[in-house]
Structure formats: C-alpha cells, structure tokens
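Spelled out from the first residue to the last, the chains are:
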Amino acid sequence: MSFHIKINDTVKVLAGKNKGKTGKVIQVLPKDHQVVVENVNKMFKHMRSPRRGEKGQRIEFAAPLPISKVMIVCPKCGKTARMNLVREGAKRSRVCKKCKVEID
Ligand SMILES: [Zn+2]
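Residues numbered from 1 in each chain as written. Predicted model: local features only at pLDDT ≥ 70, side-chain atom pairs only at ≥ 80, totals over all residues.

### Quick look at the overall build of the protein chain
Of regular secondary structure, the protein chain possesses zero helices and nine strands. Sequence-ordered secondary structure for the protein chain, helices as α and strands as β, is β-β-β-β-β-β-β-β-β. By the compact-globule yardstick of 13 Å for 104 residues, the protein chain is too spread out, its C-alpha radius of gyration being 17 Å. Based on the C-alpha atoms only, the size of the protein chain along its principal axes is roughly 60 × 30 × 20 Å. When each of the 104 residues of the protein chain is scored for burial, the buried share is 16%. (Helix = DSSP H or I, 4+ residues; strand = E, 2+ residues; numbered from the N terminus. Rg over C-alpha atoms; globule rule 2.2 N^0.38 Å. Buried ≥ 20, exposed ≤ 12 C-beta atoms within 10 Å, placed from the backbone.)

### Focus: the UniProt feature "domain: KOW" (unreviewed entry) in the protein chain
Under the feature "domain: KOW" (unreviewed entry), the UniProt entry names residues 4-31. For the annotated span residues 4-31, helix accounts for 0% and strand for 43% of the residues, and the straight-line distance between the end C-alpha atoms is 13 Å. (UniProt positions renumbered as here; feature names shortened; annotations may be inferred.)

Shown next, in the form of structure tokens:
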C-alpha cells in the first residue's frame, strides 16, 4: 500500500504529536513505510566529542514518520487528498481525487 508520496510533496500530519503540521517531504523510505518531513518530528541526537574534555554536539534532525500518518496536500486545490495513480504507457502521474487535476 502506498499513497504515492514523492520527495518535495507537501504533506499534512494526520495523527500523533505532530498532528496538523504540514511540511515538505525530504526523504521517502518505502521499505519502512516512512517519510521524513522537513521541520516536522524534530529530534535531537547527542554526539559525543571525539576529544576528551570537549562538549559533545547536539544535532537536530527530522525523524521519519509512518506514511499512514501523513496525507498529501494537493498543490492545486490546497486540500489533503488521496491520489489516483494514472498510467499512460511508461508515464505515471497522480491525479487528485478531489479536484481531478494531475499534479505531476
Ligand atoms: Zn486537488
């Protein structure tokens, strides 16, 4: 199962502590059914300094979210919508189920 999410899509988070947030997809992890959304689900990773006596670094990163918890925001109608996958020969495109406009 997939919602046909691609990098650079804008998605909205539907559930969890980031519910209601929107952001741009910066990574898709199809095997794990996860996506990484820019500035959403931020976490900190603590890196130990390789040298003793120096402070470790705190690195901020966006943790992956389950694909099932996000939905594409259609760039044409601005609504969260499921996409119909349309195949024409080798070309695949996505059509918004709400406004019926092709978004790819
Ligand atoms: Zn639409």
